[in-house]
Each structure stands twice: as structure tokens, then as C-alpha cells.
Amino acid sequence: MKVLAAVSGGVDSAVATARLVDAGHDVTAVHLALSAKPRTHREGARGCCSLEDANDARRVADMLGVPFYVWDVAERFAEDVIDEFVAEYQAGRTPNPCLRCNERIKFAAVAERALALGFEKVATGHYARLIETSAGVALHRAVDEAKDQSYVLAGLTQEQLQAALFPLGDSTKDQIRAEAAQRGLLVASKPDSHDICFIPDGDTAAFLGDRLPVRSGVIEDSDGNEVGRHDGTWAFTVGQRRGLGLGRPGPDGRPRYVLDIEPAHNRVVVGSRAELAVDWVLGEQTRWFAPPDLPQRCAAQVRAHGRRIPAVLERADDRVEVQLLEPEYGVAPGQLIAFYDGDRVIGSARVSQTAAVATSA
Amino acid sequence: MAYLDHAATTPLRPEAVEAMAKAAMDTGNASSLHASGRRARRVVEESREAIAGVLRCRPGDVIFTSGGTEADNLAVKGLHGSRRTVDGDRRRVLASAVEHHAVMDPLVWLEESGQADIVWLPVDGLGRVSAELVAADIESDPQSVSLITVMWANNEVGTTQPVPTIAHVAAEYGIPVHSDAVQAVGSLPVDFGESGLTSMAVSAHKLGGPVGVGALVLDRKAEVVAQIHGGGQERNVRSGTLNVAGIAGFAAAMVAAATERESESSRLAALRADLVQRVTEAVPDARYNGDPDPAGRLPGNAHFSFPGCEGDALLLLLDARGVECSTGSACSAGLAQPSHVLIAMGMDEADARSSLRFTLGHTSSASDVDALLAALPAAVERARVAPGLRRATSA
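Residues numbered from 1 in each chain as written. Chains lettered and ligands numbered in written order. Predicted model: local features only at pLDDT ≥ 70, side-chain atom pairs only at ≥ 80, totals over all residues.

Student: Looking at this structure, I do not really get the overall build of chain B. What am I missing?
Tutor: Within chain B, the secondary structure is distributed over 13 helices and 12 strands. Computed over its C-alpha atoms, the radius of gyration of chain B comes to 21 Å, within 12% of the 21 Å expected for a compact globule of 395 residues. In terms of overall dimensions, chain B has a C-alpha envelope of 65 × 55 × 35 Å along the principal axes. Buried residues in chain B amount to 53% of all 395 residues. Once local pairs closer than 6 in sequence are excluded, the contacts in chain B between residues at least 24 apart make up 75%. (Helix = DSSP H or I, 4+ residues; strand = E, 2+ residues; numbered from the N terminus. Rg over C-alpha atoms; globule rule 2.2 N^0.38 Å. Buried ≥ 20, exposed ≤ 12 C-beta atoms within 10 Å, placed from the backbone. Contact = placed C-beta atoms within 7 Å.)

Student: Sorry if this is basic, but what is going on with helix α13 (residues 366-385) of chain B here?
Tutor: The α-helix advances 3.6 residues per turn, and as a result positions three or four apart in sequence lie on the same side. Residues and elements named next belong to chain B. Taking 1.5 Å as the rise per residue, α13 with 20 residues should run 28 Å; its terminal C-alpha atoms sit 30 Å apart, in good agreement. The largest bend in α13 amounts to roughly 35 degrees and is located at leucine 376, with the proline proline 377 lying one to four residues further along. Those residues of α13 lying buried are Asp368, Val369, Leu372, Leu376, Ala379, Val380 and Ala383. Looking at the packing, one finds that the buried side of α13 touches β1 (2-3), α9 (261-282), α10 (311-320), β11 (323-324) and β12 (355-359). (Expected span 1.5 Å × (residues − 1). Bend = angle between axes of the 7 residues up to and from the residue.)

Student: Where do I start with the nonpolar core in this structure?
Tutor: Side chains of nonpolar character tend, in soluble globular proteins, to be buried together. Of all hydrophobic cores here, the largest spans 132 residues; its most connected members are Ala5, Val73, Val110 and Val122 of chain A together with Leu314 of chain B. Of all the elements, helix α4 (residues 97-116) of chain A adds the most residues to this core, at 8 residues. Once residues lying within four places of it in the same chain are set aside, the contact partners of leucine 314 of chain B are Phe306, Cys309, Leu356, Ala379, Val380 and Ala383 of chain B. Counting residues in each nonpolar core, the second largest holds 91 residues, with Leu74, Val98, Ile175 and Met347 of chain B among its members. (Core = buried A, V, L, I, M, F, W, Y, C linked by C-beta atoms within 7 Å.)

Student: What am I meant to see in the domain arrangement of chain B here?
Tutor: All names here are of chain B. Per the domain assignment, the segments making up chain B are domain 1 (2-9 + 261-394) and domain 2 (14-258). For the side of domain 1 that touches domain 2, the elements supplying multiple residues, two or more each, are α9, β10 (301-305) and α11 (340-344). Grouping the amino acids of the side of domain 1 that touches domain 2 by side-chain chemistry returns 7 nonpolar, 12 polar and 4 charged. (Domains from an automatic or database assignment. Nonpolar A, V, L, I, M, F, W, Y, C, P; charged D, E, K, R; others polar.)

Student: Mind showing me how you'd approach the interface of chain A and chain B here?
Tutor: In many reports, interface size means the accessible area that the parts give up when they come together. Listed as interface residues are 18 residues of chain A and, on the opposing side, 17 residues of chain B. Its residues assigned to classes, the side of chain A that touches chain B shows 12 nonpolar, 1 polar and 5 charged.

Given below as C-alpha cells:
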């Protein structure tokens, strides 16, 4: 099979590509250039789009004896991922740029071009499994629970999954590192990339501060009392505890968390951890791999390596109403909520509203 | 496999391999005073004389460098630097808008560091600078011009430039002229003595010699500021231990190329004509870029735009079929910028990105053209339906 392998320069995509070559596929490696002005060197374990990474990717392709090209997706990445990331924060939501990159870049623009050029599949080093069923391809968690990346793939469509290959889903990260070393791949001991690749120093607030205007406003408690000031609601995310600048804990002597962000009123609301709990979520932009049988018991997950929350889907069409059977903390509008039946992803949605029904009743 | 990228580098000639192997087996630093040193030095000087014989310059004009890029840097920075030392008002450098990056980037650096004002000379739709325009630019303020630099023949579209005409106009005002002749030497009759040039950059690996050696042919009377300081080799202009084996291979390749130049150039021009005809027949809307008149073009160069395709998609598809060519664009991480040459010729970005360069050389044969034509139509058809990675609106 003609396969286009996306190689980042990291250990995962290197082993994924090697496995495809071993399996006898006709593999072509492509490194996606996400930045028009790439940095020369990696900074610690962060980031994944430096020239050094491009060179590492090239060396992997050399060693495996497969053609290598760099595809320039910087313009799309800037518009579809970075600009959108900034706009979401500005609107008081919490985006996940990796998810967005998968939906709009890797399994969209890149995959569409690859298929048109005669490739049958696009492979990546994601930790997830695809299982063929009579109803199509099913997305499952990786066997390595700690590395599982099915969450950041849960926003893909059935059509996008049909074109994807994830050769690492049946292995643990430790096995992949050992395999890379045994194969003599130079990237075997390269650190994992963390955080957001386009914010190499990890300082999201500073990144946003360079791009969004200062707009002073109030920080209130849930009773409407002013407890502090802020320079822009975009610097906050629901569930955030650090960096609130309040200088003191709440009246109960406990830390305060961001409960709500209201850009329209330029207001940030803070409160106790108890007030952060939600047990009802409304989601939009739903995707269903299998139509749920309502009310459907499932496990919900609201962040990349988040816990499985027992849940019941009470409505599931273009919108979804989710009752969480255990309260979850820090569920922010804009986040993806993924639904699992066992290890299988049954669907996903964007969080648009949350509520604490049981506690307020 | 069909190698259609001889402008990038061309296979080593057997004469060069032999000369290099012989020189490489001998110990000796050409600057040493003992017998081994003298033996090495003799190889260098005989090579210098052979090269001077081909290029019609004095042996003393030949300054060996690490290649064309270093020769261009030395000429541009060195000539401008020495002119400004004498007369600080000479800030203007006139340069064709289609120069190779080895000339263009040093000029941009000079300008950005406040040392020069660059006047980019426009080109016509074929990629050619007008000698009249250069004359008019000089005459507008001759006292401010430090240097003129115009390449002999363009590396992307193959268009030749009126270099001797420009050099003779400039000579009336005492303005030095540099020319990057990296693509021309070996293919065109390049006579440094007749040209009126002050300096000229040459590279070994473009004519069948090794990578890593080249020369700046620099008129003995011209002053340049050294860019590499050290042991004082090469007229104290380019320090560094001489690359004896590389220089020997360079000279052997140049002599071999010169010996067969006329017959080889007409053979390649005929092969190129065949390639152009067959490509335009197979892909009727393909546009042949550069000068359609073979007299105004490098004999081995064919350059096309394939409307609706992206050059890098075509390259990938042809590469998979064993046909090797170039998008003709410079890159660092492999990122394709639209060619400044094509943009200067008036092409829009989308057309510039749809271009491919096929270049023939001393090992090319009809079977290479056959292989290209066997793969090209299907590749074009496929690339045409493949969505680009850029938004259509940004073209």
C-alpha cells in the first residue's frame, strides 16, 4: 500500500514509519513545516517544529531508505490553529490546538493532498487504535493508557479515520523507545514533546498578551463582590488556580479557582473548588461514529489525559446533553468532550455550557 | 533513473577523478617550502594555468575558493568594501533582480547592515536585464555607483545576460563589474579577457569537477577586501590551505569540458529541443519559460510552468518514477519559496510555484528524455487534481 508517513523528528513517528516499511508498504515520509520561520534548535523538550527536528526527521527517512519531503503548511497552521487558538481565548473558551491541528491540518489538508497524489493512507505516530468493523473504522484507545491519544483524534470524521493509520496503538511508550534503540534510530532517546508546539516557553498568557489588547476589568466572587482586577479575560481559563493575582485565598481560607469567564462583561468569576464542580454538560458540533442508544451509558473525557467520568447521554443529535454521574472540575467551554464505550470512541462534541444540577437542586 | 538536474550538480568526469586520485595520494602542503610542498604547489599552479587558459585570463587572476558561493561573496563584499574605503559616497550597487542567492544574499546583508544601497535591475519576461537600462542607471549618478553585478546565465531559466556590453559601459566610468558565471562556464564561450569584467565566479562541480572547489577570477589590478584572514594564501585575499586534489580535479574537468564544449553544447541543445517539443505536445498548456531562442539560453536548460499544478507535487510524483528534476527554488528546511527569478520575470506566485526545471549535462541521453515523457503526463494529471497546502485565495 502507498502510505504517506508524517514524520515530526520525534521517536514515535520514527518507529511508526519503520513499522510501515517492515510491513512492506511503499512509504514516503513527509515533515510538516508548521512555522514559516522555524527556530534552529529545540528548546528542551518543548516544541516540535525546529530545523533540528526537520533534520532529525530527514535522518530517520534516510536510515529507513524512504523518500523525504518537507510540506509547508505554515500558512494554514497560522490561520486554522494559531489564530483560532487566540480567538477562542478571546471569546472566553479553552481551545485544544493539537486537536484542531489533527482536524484541520494533518487529517484534512495533508491527507486530502496525499490521497489526491495517489497515497492510500496517512500514518502518524499517535497512540490510538483503528479497528475495522462492518460499520466502518472504529477508533479505540491505545493499549498504553498513559500515552493514549484517542482524545485528540476524537474530533475526526469517519472519512478522516478511513484514511488514517496509527501503527503504535498496540504498544507502550517504553516498548517504542526500546524498539527505536534496537533499530538504531538516533531519536530513540529524544525527549517527548509537551505542551503547545508554537509556545515553546510554555507561557500561554504571555503568548496571548502579545496578540490581544489589554482590557482591564474586574474579578468577582460568585456573589458579585469585586475581589481583584485583570488585564483581559483572555488570560484565564476555567479551572485555573495559579496566576489569579488575588494575593490571598478565599474567605474559607482555601484557594480560589476561575469559575466563569464573561468576555461580554469583561468579567472573571472565581470561587471555591466546590463551586467548580459540574455534573451536566451541553455539547455542540457533535460527531457520532455509532448512533447512541439513548439514554446511553458511557465514559466521558474532557481533556487529553483526563480521567474517565461515568456519564449518561440524554440527547444526542447535532447537540448532546450529558449527565455526569460523578462531578468533574474545571470543564471549560471550547473543550472537547469525548464519549467512550469501553475503549471505543463513540462520539465527541464541543462543550458549550456546563451546570451543577445535583448540587444546586 | 533519469537524472535531469545537471544544473544542481553534474557527475564527475573521469579525467577529474583521475587527477584528484593522483593528487590526493601525494602528501604536501602547497605552502610548505620543502620538496613535498613544492610538488603540491606545482599541481596547484599547473591547474591555475590550465584554468586560466580555458577562461582566457592570466593565471594570476585565478583565486581558488571553496566554490561559487564563496567566490561571489568575496567579489560582492570585497569589491564593494574596497571601493567604499577609497570613496565613502559610493554606496550604490546595481544588481540584476535574478541573481543567484550567493550574490543576492550578500547584497541584502550589505544593505541591511547599512553598508550599501542596492538597486535591483528589472528583467524582461524572458529574464534578461537591459544593458541600456544599466547605462541609464549609471548615468543618473555615476559617482555613487560602487559595483555592478549581473550573472552570465541564469541558473533557473537559463537566460543569458548581456554581460560584456554592460561591462564595457561600466568601464567608461571606471565601475567594476562582477558576474556569476557558475552555470555558463563549460556550456558557453566565456572569455574573461574579452568580457571587460573585473571579476567572475566559477564552480568546479557544475562542469564535472568535485564539489567544494571553485574560483574567483579577479583582475590583478582590482582591490578587494579579504573575507577570510589567515595564512595569506591566494594573493592574501583568500587564506586557507590549498585544496590540492580538488583544484587538480577542477582543472582536469574544466579542460575536458572546454575540449568538447562546442560539440557537446550543440548535442545538448538538440536534446533539449526534443525535450521541449515533446513536453509541450504531451502537456499542451505547459509554458516554456525563459528565452525560446536557443542563442539566448544555456543549451541544457528547459524550464516550464504547468498551470494548475504545484511544482513540489510534480517533483514528488516524478521522483517516485525515478525522474529527478528541480523546482529551482532555494530552501533551508526544504521550504519552497516562490522563485524570485520567476517573480522578477512578471509571473504570479501560483504560476511560479507550478514550475519545474529540467537540466541536461554531459551524461544525458535520449533515454532520459524518454523516461521523463513516460512519467510526466500522468504526474501532471494527478498533480492538477491534488489540492494545494496553501489557500487558493492567497495565490
